[in-house]
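What the coordinates show
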Amino acid sequence: MSPELSQLLSLQETDIEIKRIGEEIASLPARQEIIERQFAESAKEHLGLKKAYEDALAERSRLESELSAEQVKLEKFKADLMKARNEKEYSTAVREIDVAKKAITAFENELLKMMERVEKLATDFQVKSPELEAHRREVDRQLDEISNSVLASRRRLEELRLERARLHTTLGTSARAIYDRVSRLRGGVVLAEARDYSCLACRMKIRPQVYYDIRQGNTIITCESCGRVLFYRVVAEG
Ligand SMILES: [Zn+2]
């Protein structure tokens, strides 16, 4: 293969790699966003658990103060009973004591249930907190990894662009013109492999004499159909 043809191939490979890395860099912000969104979902669940726990704590202290208010009332009614001066005062106090006792039992039952709920939520919250912290550390690690890979890709891209400029400017005028024109027309894919008397890019048949010249690789030969520069890849017979 002539040096010029192999330089065209290198230029082609460099351009393809520049395009690939450019697309890779462009795709990374979306990946970062997905990772952050997934974390926000688990954090939301965690916040919901925290809220439920705080609500249960508030409800528990409300029940506690209701209960003690009821106990105060009960003591007062008991005192009323002791001081009762007639049948009417006596029966009123007995009835009020009965009502207060029932209320106290109801509050005690509710309080017991609420204490169990508080305990369960506290356990869940304690279990989930380290999980969430571990998840955050993992998220940070992944984001760091992506940032590092962006930096590495940018550096690689700079190298490739320098290499591309070098290959492009040192090409012969005619080869460079062909490369630029076909690249524009064919979305950056300038070279096509010739194999079995065909252009592998567009499947056009190649005449035997032309195919022979391509195999020699001494001149730049373009496909009559798609215009790409044809090259022959020497493969080990197997
Ligand atoms: Zn072709």
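Residues numbered from 1 in each chain as written. Predicted model: local features only at pLDDT ≥ 70, side-chain atom pairs only at ≥ 80, totals over all residues. Heavy atoms only, no water.

**Some words on the nonpolar core**
With 16 residues, the main nonpolar core has Ala56, Leu63, Leu67, Leu74 and Leu121 as its most contacted residues. Elements supplying a minimum of two residues to this core: helix H1 (3-83) and helix H2 (87-169). Element by element, the count of residues in this core is highest for H2, at nine residues. By size, the runner-up hydrophobic cluster in this structure holds 14 residues, among which are Leu167, Leu171, Val182 and Phe231. (Core = buried A, V, L, I, M, F, W, Y, C linked by side-chain atoms within 4.5 Å. Buried < 20%, exposed > 50% of the residue type's maximum accessible area, 1.4 Å probe, protein only. Helix = DSSP H or I, 4+ residues; strand = E, 2+ residues; numbered from the N terminus.)

**Some remarks on H1**
One full turn of an α-helix is made of 3.6 residues, so residues set three or four places apart face in the same direction. Taking 1.5 Å as the rise per residue, H1 with 81 residues should run 120 Å; its terminal C-alpha atoms sit 120 Å apart, in good agreement. Its maximal kink placed at Leu28, H1 deviates by approximately 25°, while the proline Pro29 follows within four residues. (Expected span 1.5 Å × (residues − 1). Bend = angle between axes of the 7 residues up to and from the residue.)

**Considering the sheet that holds strand E1 (residues 191-195)**
Spatially, the three strands line up as an open sheet ordered E2-E1-E3, and their pairing is mixed. Strand pairing shows two members of the sheet lacking a second neighbour, strand E2 (198-199) and strand E3 (229-231), which therefore form its edges. Looking at chain direction, E1 and E3 are connected through three bridges and run parallel. Note that in E3 the partner of Leu191 across the bridge is Val229. On the sheet, H1 packs against E1 and E3 and is oriented at approximately 110° with respect to E3. (Pairing = 2+ DSSP bridges. Contact = heavy atoms within 4.5 Å. Axes fitted to C-alpha atoms, helices over the stretch in contact; angles between N-to-C directions.)

**Topic: the domain arrangement of the chain**
Accessible area lost on assembly of the parts is the figure often given for the size of an interface. Annotation of the chain at the domain level lists domain 1 (3-171) and domain 2 (187-231). Listed as interface residues are five residues of domain 1 and, on the opposing side, ten residues of domain 2. Summing both partners gives a buried area of about 680 Å² for domain 1 against domain 2, and 73% of it is carried by carbon and sulfur. Run the count over domain 1 and domain 2 and you get three residue pairs in polar contact (both at pLDDT 80 or more). Classifying every residue of the side of domain 1 that touches domain 2 by side-chain character gives three nonpolar, one polar and one charged. (Domains from an automatic or database assignment. Buried area = accessible area lost by both parts, 1.4 Å probe. Polar contact = N/O pair within 3.5 Å; in protein donor to acceptor, adjacent residues only side chain to side chain. Nonpolar A, V, L, I, M, F, W, Y, C, P; charged D, E, K, R; others polar.)

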